[in-house]
Amino acid sequence: MKSVVVSGPGRTAVVDVDQPEVGPGDVLVKMRACGICGSDGLYIAVGGIPPRQGATPLGHEPAGEVVEVGAAVGGLEVGDHVVLNPMAASDGIIGSGGAQGGLSEYVVVKEAKVGRHLLTIPKDVPFAVAALNEPMAVARHAVNRTQPKPGDKVAVFGAGPIGLGAAIGYKLCGAHVVVVDVVPNRLEKARKIGADAVINSAEEDVVKRLIELHGEAPPSFAHGDRSGTDIYLDAAGVPAVIQTVTATARQGATLGIVAVHKKPVELDLGSILTTELTIVLSMGYPTEIFEVTSDIVDNWEKYALIVSDTVPFGEAQRALSLASTPGASEKVVVTFD
């Protein structure tokens, strides 16, 4: 079968590898779609992930169709549509240093257990949307880390896939959600997926608009204009977000950080001491990988708006290039015949 791997720093290749064998407890899944993540570009740039440096299978956002079920596996049938938990694979995280990647024609799920390693989805959900399950689990974990309550006022910075997924998650929690970005078409998507308001930070004063939308915070030890925003989420990964939030957050607000900051960001602890700002970081999806699946199934038309480009597997290397080119796409998903 064909598989896309990192072949060296800055290089990828489509290689022929043996199709996985299926044991009594295993399930063979034919890949039908696999999303491309920003971390794929990082893996390519550095030449892979140890211990598979230089030969790392790519693709950790898989969705597929069951084509073979081991005799000891229950709860699955040939033809079932499934999403996978990349982190549960016994041979390493799928597409992130493990022995297999979702940008391959087949993936074998060893000692497969429904609800832990994979989960079935209805056949009317497009595979390209189902492939959002993994990144939306990342977004949902970020939401959960900030512990939203119904009626909370939330500002999400960054209207990429994670930011949009988080905005949907906050809306499902009953929050008032404002999405901040600099790209008009991203902000338009945020409106379509249900954001209550959007702010173009390249054209508007973010703090002034948040005060208009979320009210002004009551007086406290902190000085200056403070919005009544309860939760801020950084899904953008630019220092200006941290600087804006720490300078203007109200007493007792929460800042969640799910974005990857590639350089150190300065924090004025003396200044934020007066606000008792809670800062929480979010990584991966300890419990959320299948928590989010039912929401995707129920609202797949809304989640479908997040996908900007679908590229056939035969052009997988072009898809990787497209996804890594700033401004060229929002969310690229590779599809298989």
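What this report covers is the structure whose coordinates are included nearby. (Residues numbered from 1 in each chain as written. Predicted model: local features only at pLDDT ≥ 70, side-chain atom pairs only at ≥ 80, totals over all residues. Heavy atoms only, no water.)

**Focus: the layout of surface pockets**
Here is the rule: Points on a 1 Å grid, built from protein atoms alone, make a cavity when a 1.4 Å probe fits but cannot get out and make a pocket when they are open with protein on both sides within 12 Å along at least 5 of 7 lines; residues with an atom within 4 Å of a point are the lining residues. Grid points are joined across faces, edges and corners, and a volume is the space filled by probe spheres set on the points. Segments assigned H or I by DSSP are reported as helices when at least four residues long, segments assigned E as strands when at least two residues long, and all are numbered from the N terminus. Three classes are used: nonpolar for Ala, Val, Leu, Ile, Met, Phe, Trp, Tyr, Cys and Pro, charged for Asp, Glu, Lys and Arg, and polar for all others, with Gly counted as polar.
For the second largest pocket, the calculated volume is near 260 Å³. What lines the second largest pocket is a set of 18 residues, among which M1, V17, D18, A99 and Q100 lie closest to the centre. For the lining of the second largest pocket, the secondary-structure elements that each account for two or more residues are strand 1 (2-8) and strand 7 (106-109). Of the residues that constitute the lining of the second largest pocket, the class distribution is nine nonpolar, five polar and four charged.

**A few points about empty space enclosed by the protein**
Scanning the entire structure with this criterion turns up two cavities of 30 Å³ or more. One number sums up the size of the largest cavity: a volume of about 80 Å³. Every residue lining the largest cavity is listed: L84, N85, A88, A89, S90, D91, I94, Q100, V108, V109, K110 and H117. A per-class count over the lining of the largest cavity returns six nonpolar, four polar and two charged. A volume near 30 Å³ is recorded for the second largest cavity. Around the second largest cavity, the lining residues are V83, I121, V125, A130, N133, T293, I296 and V297.

**Points about unusual backbone geometry**
Going by this rule: Relative accessible area decides the class of each residue, using a 1.4 Å probe on protein chains only: under 20% of the type maximum gives buried, over 50% gives exposed, and in between gives partly exposed.
A positive phi angle, close to 55 degrees, is found at Q147, a residue other than glycine. Tracing the sequence through the fold places Q147 in the loop between helix 3 (133-145) and strand 9 (153-157). Even without a glycine there, the phi angle at E276 is positive, about 50 degrees. Tracing the backbone through its elements, the reader meets E276 in the loop between helix 8 (269-273) and strand 14 (278-281). A relative accessible area of 55% means that E276 is categorised as exposed.

**Overview of the environment of L118**
Under the convention used in this document: It only takes one pair of heavy atoms within 4.5 Å for two residues to be counted as in contact.
When you line up the elements, L118 lands in strand 8 (residues 118-121). Its relative accessible area of 0% is what places L118 among the buried residues. Along the backbone, L118 and A328 are 210 residues apart, and their C-alpha atoms lie at a distance of 32 Å. The residues contacting L118, other than those within four sequence positions of it, are V27, L76, V82, V83, L84, V109, A112, K113 and F290.

**Quick notes on the sheet that holds strand 13 (residues 254-257)**
Counted only if it meets this: Here, a strand pair is defined by DSSP locating no fewer than two bridges between the strands. Angles here are taken between N-to-C directions and fall from 0 to 180 degrees, while the axes themselves are lines fitted to C-alpha atoms, restricted in helices to the stretch in contact.
Reading across the sheet, the six strands line up as 11-10-9-12-13-14 and stay open at both edges, with parallel pairing between neighbours. Both outer strands of the open sheet, strand 11 (197-200) and strand 14, are each paired with one neighbouring strand and no more. Each neighbouring strand pair of the sheet contributes to a mean axis angle of 20 degrees, computed without reference to strand direction. Examined bridge by bridge, strand 9 and strand 12 (residues 231-234) share four bridges and lie parallel to one another. Looking at the pairing, V156 lines up with L233 of strand 12. Contacting strand 9, strand 10 (176-181), strand 11 and strand 12, helix 6 (residues 206-214) runs over the sheet at an angle of about 165 degrees to strand 11. Most of the contacts of helix 7 (residues 239-248) go to strand 12, to which it runs at about 165 degrees, and overall it touches strand 9, strand 12 and strand 13.

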